[in-house]
Number of protein chains: 4
Amino acid sequence: MNSVEDLLKGYRRFRKGTYAKQAALYRELGEGQNPRIMLIACADSRAEPSDIFNAAPGQLFVVRNVANLVPPYQPDDSLHGVSAALEYAVNVLKIDHLVIMGHGGCGGIAASLEGEGNPEIGEFVTPWVRLLEKARERVVASGSVNPQFALELEGIETSINNLMTFPFVKRAVDAGDLEIHGAWFAIKHGELHWRNHQTGRFEVIEP
Amino acid sequence: MNSVEDLLKGYRRFRKGTYAKQAALYRELGEGQNPRIMLIACADSRAEPSDIFNAAPGQLFVVRNVANLVPPYQPDDSLHGVSAALEYAVNVLKIDHLVIMGHGGCGGIAASLEGEGNPEIGEFVTPWVRLLEKARERVVASGSVNPQFALELEGIETSINNLMTFPFVKRAVDAGDLEIHGAWFAIKHGELHWRNHQTGRFEVIEP
Amino acid sequence: MNSVEDLLKGYRRFRKGTYAKQAALYRELGEGQNPRIMLIACADSRAEPSDIFNAAPGQLFVVRNVANLVPPYQPDDSLHGVSAALEYAVNVLKIDHLVIMGHGGCGGIAASLEGEGNPEIGEFVTPWVRLLEKARERVVASGSVNPQFALELEGIETSINNLMTFPFVKRAVDAGDLEIHGAWFAIKHGELHWRNHQTGRFEVIEP
Amino acid sequence: MNSVEDLLKGYRRFRKGTYAKQAALYRELGEGQNPRIMLIACADSRAEPSDIFNAAPGQLFVVRNVANLVPPYQPDDSLHGVSAALEYAVNVLKIDHLVIMGHGGCGGIAASLEGEGNPEIGEFVTPWVRLLEKARERVVASGSVNPQFALELEGIETSINNLMTFPFVKRAVDAGDLEIHGAWFAIKHGELHWRNHQTGRFEVIEP
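Residues numbered from 1 in each chain as written. Chains lettered and ligands numbered in written order. Predicted model: local features only at pLDDT ≥ 70, side-chain atom pairs only at ≥ 80, totals over all residues. Heavy atoms only, no water.

Colleague: I'm lost on the interface of chain B and chain C in this one. Help?
Modeller: When the parts come together, some accessible area is lost, and that loss is often what is quoted as the size of the interface. With 24 residues of chain B at the contact, the number on the chain C side is 24 residues. Between chain B and chain C lies a buried interface of about 1900 Å² when both sides are counted; carbon and sulfur atoms form 53% of it. Contact with chain C buries surface across chain B, with B:His189, B:Arg201 and B:Glu203 losing the most and accounting together for 30% of the total. Where chain B packs against chain C, one counts four salt bridges. C:Arg201 is paired through a salt bridge with B:Glu157; the nearest N and O atoms lie 3.4 Å apart. Where chain B meets chain C, there are 14 residue pairs in polar contact (both at pLDDT 80 or more). For the side of chain B that touches chain C, the secondary structure elements donating two or more residues are α7 (147–163), β5 (191–195) and β6 (202–204) of chain B. When residues of the side of chain B that touches chain C are assigned to their parent elements, the largest contribution, five residues, is made by α7(B). Looking at the side of chain B that touches chain C residue by residue, the class counts come to nine nonpolar, nine polar and six charged. (Contact = heavy atoms within 4.5 Å. Buried area = accessible area lost by both parts, 1.4 Å probe. Salt bridge = Lys/Arg side-chain N within 4 Å of Asp/Glu carboxyl O. Polar contact = N/O pair within 3.5 Å; in protein donor to acceptor, adjacent residues only side chain to side chain. Helix = DSSP H or I, 4+ residues; strand = E, 2+ residues; numbered from the N terminus. Nonpolar A, V, L, I, M, F, W, Y, C, P; charged D, E, K, R; others polar.)

This is the structure:
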């Protein structure tokens, strides 16, 4: 897919294919959405949540940004895109599950490990991945043999911890109305790993 | 899809279905991504870009937030999620096309029109959709018979204008290396409207 | 409906149905008409103004021609059908609103895009749709992905501009006695789009 | 119906009523029109062909102008709206029946009888109804007790004769591919009169 023509061709395939089968569902969704699950995933072109979970339209409320990060709660008047989506999902849609999904070979994670000083991404990516600073230090200190992989998982822990700093998230979790999950997708093998609530370990899901 | 079990079932359908057909592609994508197109879309569960454009893994670099908004260029050290994704897409991936995609019945647009004072979304959504303030004023002043729809389109104009305030975006556009597009998806009829560069009008795409 | 018999059967359905309910209204209308709204629509069999606006007898003064076109003001002694209807509606009926209504899949618009040289329609349709020549050039120059749709809208702009070349129309508009509107009807989805005075954009009307 | 709001309310009634029943028909008509019957009627708000014949969308190709007039064949490059619609209906749609429908209390007929010199309609209506000049002279000469009614019928004769001056119309009629009819509608009583091919007399249709 390289051009507008390709996008429009893709749209026509969608119309002849999926849409033709789901026209009634789309008509119904025209009335409103009621997803039960929110996904915070990476913008990476290779880890598409609705593909990986074979989700139908209307099922996943999806935020995507560099390295699937959630900043901590910071109630001021400035712009907080992820926080706005969180607020909408938890307070308006009242979602039941929130999944932070990372993936292998994440460029944002690589940028964090690479450290600062890269002019190509110095203005915005560098400050953005500072959200991973403490996690990065832990990974480096741990002498991991695969810091990229280790930080991809540590980053998910960081976002989960940041999530809990939002009063409305904590309230929903404490009330048993919201469950928070972690997942990691191995692109090369299309392998899904799911975070164990108790141990915090990521376990391979049998296909 | 209401539970973790549903998500894992979905993953298993993916493995038996799409993935089985795309295993070789995923193996190759394990080496790295090279999407030519970036999409900035809404988190809404009903307007899934990779579905609508029938995109394969690796083809679309996708940011999703409330109301598919792009803030203006603001180079300080604070967190700018969309700007970080933009910087990565334009400077690192060197994408050729950037599409802002809105959709019908957008909750963020409705929140902007509803105005301030809703406690459920007052902490983050309200400040976030202030990005639409000028567009909202234009729409209201225009006496539109369908302000929701009008602001969905005006919001795309706003994001396109904000995009051009990023020096690295403007540079790429001026150099002919990057094209910026607008699209709007009508959920009920699964109908795609595409923005005409010259007229700024959105035109229905024949399915 | 294929025959005179079908037409007469339809007339009898009208007598037993609508007319039976509206006999008193028809009796009153026998004394004279006083519509407040004029519609200039296409002759196309699929876009019937009184159906689309669920209008009662006496409510819409309707001109219908190929591609709902209004020629510019040309005061000579030759025949000007649309101009005559305009003059009657504005000067005699003193209508308050004038709506130019286009629609999807318009054959006259297609004829304009197809260009000249089609013998089937070369004697009258071809010269008639030359009224769209400048609009057609704009659409072609704009590189529209959907020139048919784009020209359907541009044609409405053209007719609105031509309307304003009639001194008696301009006078009524300037005096605030007459409002001019644009509308477009999507046959397939029965969807009405209404032109926004300020932006010139067509906005979907929520059913 | 006095305002845009009324029109939009009417559209919403249409959506909830007729359209809801005819959605499938409209969807099908989205592919193209194939009416078998063309109607040339008056712009008068009280004589709505699709009402009077209880026609469904797609059944009638309708031209409406002041006094339902057809000019004679005049093949030059200037604008001929009725001729363009005729050419399209006969050569492209290949309609089987063409009905000229007049009605009682026609303002265009009254304008013809009133004669010239009325400034309100002097620029366009007066030249337009000169198409009726010979018919008017016949009516006046006949000493009719009801010249308005007499000219409404004579005007239909005139249009039928003018129709036959179009080579493509005459050809279709001679080939037995096209039948031409005359009808007249009495608004006050909702009464349809149909022209007898042989006698040229108009006969009341039993409801």
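Colleague: Please explain the environment of A:Tyr26 as it appears in this structure.
Modeller: With respect to the helices and strands, A:Tyr26 occurs in helix α1 (residues 4–29). Taking the relative accessible area as the measure of exposure, A:Tyr26 reaches 0% and is therefore buried. Expressed as a C-alpha distance, the spacing of A:Tyr26 and A:Gly58, which sit 32 residues apart in the sequence, is 8.6 Å. The contact partners of A:Tyr26, leaving out residues within four places of it in the chain, are A:Phe14, A:Tyr19, A:Pro57, B:Arg46, B:Phe185, B:Ile187 and B:Lys188. (Buried < 20%, exposed > 50% of the residue type's maximum accessible area, 1.4 Å probe, protein only.)

Colleague: What is the right way to look at the UniProt feature "binding site: Zn(2+)" (unreviewed entry) in chain A in this model?
Modeller: Sequence positions flagged by UniProt for "binding site: Zn(2+)" (unreviewed entry) are, in local numbering, A:Cys42, A:Asp44, A:His103 and A:Cys106. Of the residues just listed, which span 65 residues, no C-alpha pair is farther apart than 8.7 Å, and they cluster in one region. Here A:Asp44 lies in the loop between β1 (37–42) and α2 (49–52). When near neighbours in sequence (up to four residues on either side) are disregarded, A:Asp44 contacts A:Arg64, A:His103, A:Gly105, A:Ile187, B:Gln33 and B:Phe61. Relative to the helices and strands, A:His103 is located in strand β3 (residues 97–103). In this structure A:His103 touches A:Cys42, A:Asp44, A:Arg46, A:Ala47, A:Asn68, A:Glu152, A:Trp184, A:Phe185 and A:Ile187, once residues within four positions along its chain are discounted. (UniProt positions renumbered as here; feature names shortened; annotations may be inferred.)

Colleague: Is there a simple way to explain the relation of the copies chain C and chain D in this structure?
Modeller: Turning chain C through 180° and shifting it by 0.0 Å along the axis lays it on chain D, with an RMSD of 0.0 Å. Accordingly, the operation relating the two chain copies is best matched by a two-fold axis. Taking C-alpha positions as the reference, the residue of chain C nearest the rotation axis is C:Arg64, at 2.4 Å. Mapped onto chain D, 100% of the interface residues of chain C again fall at the interface, so both copies present the same surface. (Least-squares fit on C-alpha atoms with pLDDT ≥ 70 in both.)

Colleague: Help me understand the pairing of strand β1 (residues 37–42) of chain B, please; the structure alone is not making it clear to me.
Modeller: Consecutive side chains of a regular strand alternate in pointing toward one face of the sheet and then the other. All names here are of chain B. Across the six residues of β1, six count as buried, placing the element largely inside the fold. Pairing between β1 and strand β3 (residues 97–103): four bridges, direction parallel. Paired with isoleucine 37 across the strands is histidine 97, a residue of β3. (Pairing = 2+ DSSP bridges.)

Colleague: Got a minute to help me understand the packing of aromatic side chains in this structure?
Modeller: Aromatic rings considered in pairs are described by the distance between their centres and by the relative angle of their planes. Applying the stated criterion to the full structure yields 52 aromatic pairs over all chains. Through successive ring pairs, a cluster of aromatic residues spans A:Tyr11, A:Phe14, A:Tyr19, A:Tyr26 and B:Phe185. (Phe/Tyr/Trp six-rings, centres within 6.5 Å; stacked < 30°, edge-to-face > 60°.)

Colleague: Just to check I follow, could you spell out the interface of chain C and chain D for this structure?
Modeller: Chain C puts 89 residues into the contact, and the matching count from chain D is 89 residues. Taken together, the links from chain C to chain D amount to six salt bridges. Two residues, D:Glu120 and C:Lys94, come together in a salt bridge whose shortest N-O distance is 3.4 Å. Between the two partners, chain C and chain D, sit 47 residue pairs in polar contact (both at pLDDT 80 or more). Sorting the residues of the side of chain C that touches chain D by element identifies α1 (4–29), α2 (49–52), β2 (60–65), α3 (81–92), β3 (97–103), α5 (125–129), β4 (179–186) and β5 (191–195) of chain C as the ones contributing at least two each. Per element, the largest residue contribution to the side of chain C that touches chain D is 14 residues, and it comes from α1(C). Tallied by class, the residues present in the side of chain C that touches chain D amount to 44 nonpolar, 23 polar and 22 charged.

Colleague: I would appreciate a short explanation of the packing of helix α6 (residues 133–141) of chain C against helix α7 (residues 147–163) of chain C in the present structure.
Modeller: In a packed pair of helices, the relevant descriptors are the angle between the two axes and the axis-to-axis distance. Residue and element names in this part refer to chain C. Relative orientation of the contacting elements α6 and α7 amounts to 140°, with a least axis distance of 9 Å. Relative to α7, the element α6 lies oblique. Relative to α7, the crossing made by α6 is right-handed. Between α6, through Ala135, Arg136, Arg138 and Val139, and α7, the contact on the second element is made entirely by Pro147, Ala150, Leu151, Glu154 and Thr158. (Axes fitted to C-alpha atoms, helices over the stretch in contact; angles between N-to-C directions. Parallel < 35°, antiparallel > 145°, perpendicular 65-115°, else oblique. Left-handed = near helix turned anticlockwise from the far one by under 90°.)

Colleague: Can you help me understand the pattern of salt bridges in this one?
Modeller: When the charged atoms of two side chains with opposite charge come close together, those side chains can pair. Under the criterion given, the structure shown has 48 salt bridges over all chains. In this structure, the salt-bridge partner of A:Arg136 is A:Glu133, at a minimum N-O distance of 2.8 Å. One end of the pair, A:Arg136, and the other, A:Glu133, are both in helix α6 (residues 133–141), three residues apart, so they sit about a helical turn from each other. Judged by relative accessible area, A:Glu133 falls into the partly exposed class, the value being 28%. What emerges from the salt-bridge pattern is a single network uniting B:Arg138, B:Glu154, B:Glu157, B:Arg195 and C:Arg201.

Colleague: Is there a simple way to think about the relation of the copies chain B and chain C in this case?
Modeller: One copy of the chain maps onto the other through a rotation about an axis plus a displacement along that axis. Once chain B is rotated about the relating axis by 179° and shifted along it by 0.0 Å, it coincides with chain C to within an RMSD of 0.0 Å. The fraction of interface residues of chain B whose copies in chain C are also interface residues reaches 100%, indicating that both copies meet through the same surface.

Colleague: What should I look at first to understand the state of the cysteines in this one?
Modeller: Working definition: the covalent bond between the sulfur atoms of two cysteines is a disulfide. Enumeration according to the criterion identifies zero disulfides over all chains in this entry. You can see C:Cys106 has no disulfide; the closest cysteine sulfur is in C:Cys42, sitting 4.0 Å from it. (Disulfide = S-S within 2.5 Å.)

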